[in-house]
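Here is how the chains run, residue by residue.
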Amino acid sequence: MKVVAISFAALAAVLSHPSHVTAFTTPRVTPSISSRVGVSTSNTFGKYVISMESYGASSTELPMNVFRFGQSQGGSEKRVRPEKKRAFQTFVKAATVLSLFALTTAMVKTQPAFAAAKKVATPAAAATVAEHLHVGQKVANYFRSFGLPDLAILAIISAMPVIELRGAVPVGLWMGLPITSVLPACVLGNMIPIIPLLYLLKNDSLKRVMKPILDRAEKKSAALGVGSLEKQWASLAAFVGIPLPGTGAWTGAMGAFLLGMPTAVAISSIFTGVVSAGIIMSAITLAGKKGGLAALAALAVITGREFLSGASKKSNSAANNKQDFLEAEPYWDQSNVPVNVHSNKAPFTGKVVSTKRIVGPKATGETCHIVIDHNGDFPYWEGQSWGVIPPGVREKDGKPHSVRLYSIASSRYGDDMTGKTGSLCVRRATYWCPELQAEDPAKKGVCSNFLCDTQPGDEVKMTGPAGKVMLLPEEDPSTDYIMVATGTGIAPYRGFIRRLFVENTPAANAYKGQAWLFLGVANSDALLYDDEWQEVKKKYPDNFRLDYALSREQENKKGGKMYIQDKVEEYADEIFEKLSNGAHIYFCGLKGMMPGIQDMLKGVAESKGLDYDEWLKGLKKSKQWHVEVY
């Protein structure tokens, strides 16, 4: 609800300015729309830039991340099968040229869209105004020189990201066209490049061309939240429907792609937003402030209902259920932890909700966060693993692929907190052949590539849940947890941290200890879930600690690369003390970190006159030592 409220307030503020009232109510006979509206366009991705030059003030910017449309949580769209792809093929090819042409205009720096409102009193004044045409008018005049029909021109400029519908509607009225013709042409034109764009963004070559834009979009979308499919749809519709620069269909399509939204959901939501923006712009242009506010109120009804409903449900859940419907009795009792509910011979079939790349462009590999819908039929606890059976058979003997284990990267309630989904954190395994000087597809990881390539609606055969060694002991709420991870070994700890600090669970309400997370990766772009850790650290500075080991950006005390064991060693005495006082320590990730960490602890033990082997034996006996490495 907060998202939509901020969005509506932003546009309402623009509409409420006296100068805008005059601009919006200027008679249509004015020879240039530059006298109508005081808003400028900008190719700055993800920001609304409102020109205040005519008011004697500098431009103001509204960050994209106030609109928090989240990952898909219940997508039902299935992967487009070969026969469906053939049906789309002709359309995609036909639209590709237009899409790429429109894409290049995103890099062009535009002039202000409209000047401040001025009354044209004389022919000389009219000529002066005409010299400052909006870029949409210039493009329209250019295409007119080829003899194209005005409606075709209107559709073309609506498809361009620097103009889009919100700039094309006033141009159509400037052309003298009736609004009943202008609005459909602008909506159609704005939507034409969006469908092929959503598919073309999956192409690596195009992603490289769009890298400057997508890099900025990825940083901004990293802070976007998680919601149900309905909230996701409503949020994107609101984002596209607010007729300010930077909030149109192009931006919405790139955001939807980066967040892994189901294509059908994204298209439906963007279309609703485009129609809403068209109605609002038409009302603003024809009826001034009152018309714009009335149309905006209609958009509030369309998109706000789900947020109001969701907020009410969340409030009721917090007050009544306190998110304890998957808890044991008491909540810390581990006597009935589910184990191997689904076997290799009778696997469970889940459906992919979303697959999203979660590392930056300079990461050493690709890591994806995959949300899977199990409809509440596959219960698990934090610290357990799912087995995944990739489709197909082995080349060497024609037998089905064996199961691969992946630590679950969500709490038992799932990212959407419904108890019906679970998440995996998977790095795509590839092999670089020095002879070929390229990746050898014959040696790539079968299961990791399958998972990272999944689309919403794809089916995944799963087994488990497996394991008890990484479970979180919760009987004593003052217990300290030390969590050490390399790469995707972060997965179980995400479940821990969400349970202890993010969700409204009995464990979270009772916890008084300290959770200390160590994560080792190559560089800053390879950090996993950093936005989530920073948020928890901000809210619970006394209960959550965070340390990173970035091997390619940091040095250890000896001047070498900073690996995870080096970072842990910096706090050797403190960690040893915590373990001696009952803390639990967890290791998940590459087994190569273990010798260095054990050598470090051995040195501390000997410096204190203790027998390390006996000390470690005591930790294992009291179940304080948890290891899951590969």
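Look up a bit, the structure's there.
Residues numbered from 1 in each chain as written. Predicted model: local features only at pLDDT ≥ 70, side-chain atom pairs only at ≥ 80, totals over all residues. Heavy atoms only, no water.

Novice: An account of the overall build of the protein is requested, with residue identities and associated values reported.
Specialist: Regarding its fold elements, the protein presents 22 helices and 15 strands. Counting the 630 residues in the protein, one finds 52% classified as buried. In the protein, 75% of the contacts between residues at least 6 apart in sequence involve partners at least 24 apart. Accessible area for the protein stands at about 28,200 Å²; split by element, carbon and sulfur atoms hold 56% of it. (Helix = DSSP H or I, 4+ residues; strand = E, 2+ residues; numbered from the N terminus. Buried < 20%, exposed > 50% of the residue type's maximum accessible area, 1.4 Å probe, protein only. Contact = heavy atoms within 4.5 Å. Areas by Shrake-Rupley, 256 points an atom, 1.4 Å probe, with all protein chains shown as cover.)

Novice: Can you break down the layout of surface pockets residue by residue, with the values?
Specialist: Roughly 960 Å³ of internal volume is contained in the second largest pocket. In this structure, the second largest pocket is lined by 41 residues; those nearest its centre are Thr 486, Gly 487, Thr 488, Leu 590 and Tyr 630. Put simply, the parts of the chain that give the lining of the second largest pocket at least two residues each are β6 (404–407), β7 (421–427), β12 (515–521), α19 (564–569) and β15 (625–629). Taken together, the residues of the lining of the second largest pocket break down into 22 nonpolar, 16 polar and three charged. (1 Å grid on protein atoms, 1.4 Å probe; cavity = no way out; pocket = protein on both sides within 12 Å on 5 of 7 lines; lining within 4 Å. Points joined across faces, edges and corners; volume = space filled by probe spheres on them. Nonpolar A, V, L, I, M, F, W, Y, C, P; charged D, E, K, R; others polar.)

Novice: For the pairing of β12, give the residues involved together with the corresponding values.
Specialist: Burial analysis of β12 places seven of its seven residues in the buried class, which makes it a mostly covered element. Burial along β12 is two-sided: the residues Ala 515, Leu 517, Leu 519 and Val 521 and Trp 516, Phe 518 and Gly 520 are all buried. Where strand β11 (residues 481–486) lies against β12, six bridges are found, and the strand directions are parallel. The residue of β12 that forms the bridge with Met 483 is Leu 517. With helix α18 (residues 530–539) bridging β12 and the parallel strand β13 (residues 544–550), this β-α-β connection has right-handed handedness. (Pairing = 2+ DSSP bridges. Right-handed = clockwise from strand over helix to strand, strands pointing away.)

Novice: Requested: an account of the nonpolar core, with residues and values cited.
Specialist: General note: in soluble globular proteins, nonpolar side chains tend to be found buried as a group. In terms of nonpolar packing, the biggest core is built from 44 residues, with Leu 154, Met 175, Ile 194, Ile 270 and Val 274 touching the most fellow members. When contributions to this core are tallied by element, the ones reaching two or more residues are α5 (135–144), α6 (150–158), α7 (164–174), α8 (179–191), α9 (194–200), α12 (229–241), α13 (249–258) and α14 (263–321). Judged by nonpolar contacts, the second largest core, of 34 residues, contains Met 470, Tyr 511, Leu 519 and Leu 546. (Core = buried A, V, L, I, M, F, W, Y, C linked by side-chain atoms within 4.5 Å.)

Novice: Which residues make up the sheet that holds strand β14 (residues 584–589), and what values go with them?
Specialist: The strand order across the open sheet built from five strands is β13-β12-β11-β14-β15, with neighbouring strands paired in parallel fashion. Two strands in the sheet have a free side with no partner beyond their single neighbour: β13 and β15. Averaged over neighbouring strand pairs, the angle between their axes works out to 10 degrees when direction is ignored. Sheet strands in contact with helix α20 (residues 572–580) are β11, β12, β13 and β14, and its direction is about 135 degrees off that of β12. (Axes fitted to C-alpha atoms, helices over the stretch in contact; angles between N-to-C directions.)

Shape is all these values report; function is a separate question.
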